[in-house]
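Tertiary structure, described
One letter stands for each residue in the lines below.
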Amino acid sequence: MLTALLNPKGVLLYLSLMPQFISTETGIPLGFQLAALGLLHVANCAILYGLLALATARASHALTRTPKASRRISAVSGTMLLVVAAATLGTH
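What counts and what doesn't
- Residues numbered from 1 in each chain as written.
- Predicted model: local features only at pLDDT ≥ 70, side-chain atom pairs only at ≥ 80, totals over all residues.
- Heavy atoms only, no water.
- Helix = DSSP H or I, 4+ residues; strand = E, 2+ residues; numbered from the N terminus.
- Rg over C-alpha atoms; globule rule 2.2 N^0.38 Å.
- Buried < 20%, exposed > 50% of the residue type's maximum accessible area, 1.4 Å probe, protein only.
- Areas by Shrake-Rupley, 256 points an atom, 1.4 Å probe, with all protein chains shown as cover.
- pLDDT = per-residue confidence, 0-100.
- 1 Å grid on protein atoms, 1.4 Å probe; cavity = no way out; pocket = protein on both sides within 12 Å on 5 of 7 lines; lining within 4 Å.
- Points joined across faces, edges and corners; volume = space filled by probe spheres on them.
- Nonpolar A, V, L, I, M, F, W, Y, C, P; charged D, E, K, R; others polar.
- Contact = heavy atoms within 4.5 Å.
- Patch = residues over 30% accessible without salt bridge, like charges linked within 9 Å, V, L, I, M, F, W, Y side chains within 5 Å.
- Salt bridge = Lys/Arg side-chain N within 4 Å of Asp/Glu carboxyl O.

**A closer look at the overall build of the chain**
Of the regular secondary structure elements, the chain holds four helices and zero strands. Moving toward the C terminus, one meets the helices and strands of the chain in the order α-α-α-α. Taken over the C-alpha trace, the chain has a radius of gyration of 22 Å; the compact-globule value for 92 residues is 12 Å, which it surpasses by more than 25%. The dimensions of the chain, computed from C-alpha atoms along their principal axes, are 65 × 40 × 20 Å. Looking at the chain as a whole, 3% of its 92 residues are labelled buried. For the chain, the accessible surface area stands at approximately 8000 Å², while carbon and sulfur atoms represent 75% of it.

Next up, the structure:
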């Protein structure tokens, strides 16, 4: 979370996109509107990443239920890493 908060690109993106969602005619202070939109974004991200973590945990549990399945997952992962390494080596 600290890395995300200290990332200047995220802050610049937020500051460049938020003004189009703020209205000066509503009578609600601009700072409050910015804070509300920011908190809404944080809540949406927390829900999305929480659901993604739960889905990943369930998939991990289902895929590594047996030692044979774990070995297969490791073999596929290792093969994918070797393919990426070969592709990287081929570009240089």
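**Re the confidence of the model for the chain**
Overall, the predicted model of the chain reaches an average pLDDT of 88, with 99% of residues at or above 70. Ranking the helices and strands of the chain by mean pLDDT puts helix H4 (residues 67–91) first, with 91, and helix H1 (residues 2–5) last, with 76.

**Focus: the layout of surface pockets**
If you roll a probe as big as a water molecule over the atoms, it shows you where there is empty space left. Looking at the largest pocket, its volume works out to about 610 Å³. Forming the walls of the largest pocket are 16 residues, and the residues nearest its centre are Ala4, Gly10, His41, Val42 and Cys45. Among the secondary structure elements, those contributing two or more residues to the lining of the largest pocket are H1, helix H2 (8–17) and helix H3 (30–63). Classifying every residue of the lining of the largest pocket by side-chain character gives twelve nonpolar, three polar and one charged.

**A closer look at the environment of Met18**
Of note, Met18 is situated in the loop between H2 and H3. A relative accessible area of 13% places Met18 in the buried class. Sequence separation between Met18 and Leu51 is 33 residues; the distance between their C-alpha atoms is 26 Å. Among all residues touching Met18, those that are not within four sequence positions of it are Leu34 and Leu37.

**Description of the side chain of Gln33**
Summarising the element assignment, Gln33 is placed in helix H3. Looking at Gln33, the relative accessible area reads 10%, which means it is buried.

**A short note on a nonpolar patch on the surface**
The grouping of Met1, Leu2, Leu5 and Leu6 at the surface amounts to a nonpolar patch, some 550 Å² of accessible area in total. Looking at where Leu2 falls in the secondary structure, it is placed in helix H1.

**So, the environment of Gly90**
With respect to the helices, strands and loops of the structure, Gly90 is situated in helix H4. When the C-alpha positions of Gly90 and Cys45 are compared, they lie 38 Å apart, and in sequence the two are 45 residues distant.

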